[in-house]
Amino acid sequence: SWFAVIGSGPNDYWGNGIKQQAHVYVIDLASGDLKRDFTTNAGIGKSSPFFTSSGAIDMKSNYNVDAVYLTETFRETDLVNNTEKKKGALHRIIVPWESSDFDPTDNPEDYGVIDGQYNDNPDSWTFGKIYASEQPIVSPPGLSYDSERNAWVFFGTGILNEHEDKEDLSTQYLIGLKDPYFN
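Asks: Looking at this structure, I do not really get the environment of S47. What am I missing?
Replies: When you line up the elements, S47 lands in strand 4 (residues 46–51). In this structure, the C-alpha to C-alpha distance between S47 and F74, residues 27 residues apart in sequence, is 6.0 Å.

Here is the structure:
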């Protein structure tokens, strides 16, 4: 099966979206049907969340996606001081490899190789936040793996959507992290 994984964007050019939830849609490319809608909770003090473009990684080069990564940006209000700050997060979707005798913690090098198959039912896929940032993240993640098959995710913080972003002199970062699921 072939799927497109896309995140919901902002409601306008400036990245606003009043108390909306951010969505990650999994769409069947053959039928065009929506197969799964992952959401993040807007929560108290959180507003205007949106996702950027997704990135997928094939850890064994076997033409199957093992994980999909998306970055999220949102506004968080400090209700005590009545101030607002843009923040970010990195999220991951795991496409499970199913085999009766496979445990990825025992033999991670066998992931996607021994007898079994990927579960192409998006209802079995898991979605979750793996990194929280005090700065917004609007760049799509860059993905790679090293000679030891450690999965690496690269992204940068910062945003330039509106005039106030030009005046933000806070330190921004280029982040590279190893995904503990595959390491």
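Now that the structure is up, let's keep going.
Asks: Quick question: what am I supposed to make of the nonpolar core here?
Replies: Within soluble globular proteins, side chains that are nonpolar tend to cluster in buried spots. Within the largest apolar cluster, 14 residues are counted, with the highest numbers of intra-cluster contacts made by V5, V24, V26, F38, L70, I93 and W125. Of all the secondary structure elements, the ones that give two or more residues to this core are strand 1 (3–7), strand 2 (23–28) and strand 6 (67–78). Contact partners of F38, with chain neighbours within four places excluded, come to A22, H23, V24, V26, I93, P122, W125 and F127. Residues Y69, I137, V153 and F155 belong to the second largest nonpolar core, which totals 13 residues.

Asks: Sorry, what's going on with the pairing of strand 7 (residues 83–94) here?
Replies: In summary, the side chains of a regular strand alternate between the two faces of the sheet. Of all the 12 residues making up strand 7, nine are buried; the element is thus mostly covered by neighbouring parts of the structure. Bridge count between strand 6 and strand 7: 12 bridges; the pairing is antiparallel. When the bridges of strand 7 are listed, R75 appears paired with K86. Summarising the sheet, strand 7 and strand 10 (residues 126–133) pair through seven bridges and their orientation is antiparallel. Within strand 10, the residue paired with R92 across the bridge is G128.

Asks: Can you help me understand the packing of aromatic side chains in this one?
Replies: The relative placement of two aromatic rings is captured by the distance of their centres and the angle of their planes. Under the defined criterion, the tally for this structure stands at six aromatic pairs. A centroid spacing of 6.4 Å and a plane angle of 70° characterise the contact between F51 and F127, whose relative ring orientation is edge-to-face. Note that F51 is positioned in strand 4 and F127 in strand 10, a separation of 76 residues in sequence. Judged by relative accessible area, which is 23%, F127 ranks as partly exposed. With 5.6 Å between their ring centres and 65° between their planes, Y131 and F155 make a pair best called edge-to-face. Here Y131 is found in strand 10, whereas its partner F155 is found in strand 12 (residues 151–156), with 24 residues between them in sequence. Here a set of aromatic residues connected by ring pairs shows up, and it is made of F38, F51 and F127.

About the thresholds
Residues numbered from 1 in each chain as written. Predicted model: local features only at pLDDT ≥ 70, side-chain atom pairs only at ≥ 80, totals over all residues. Heavy atoms only, no water. Helix = DSSP H or I, 4+ residues; strand = E, 2+ residues; numbered from the N terminus. Core = buried A, V, L, I, M, F, W, Y, C linked by side-chain atoms within 4.5 Å. Buried < 20%, exposed > 50% of the residue type's maximum accessible area, 1.4 Å probe, protein only. Contact = heavy atoms within 4.5 Å. Pairing = 2+ DSSP bridges. Phe/Tyr/Trp six-rings, centres within 6.5 Å; stacked < 30°, edge-to-face > 60°.

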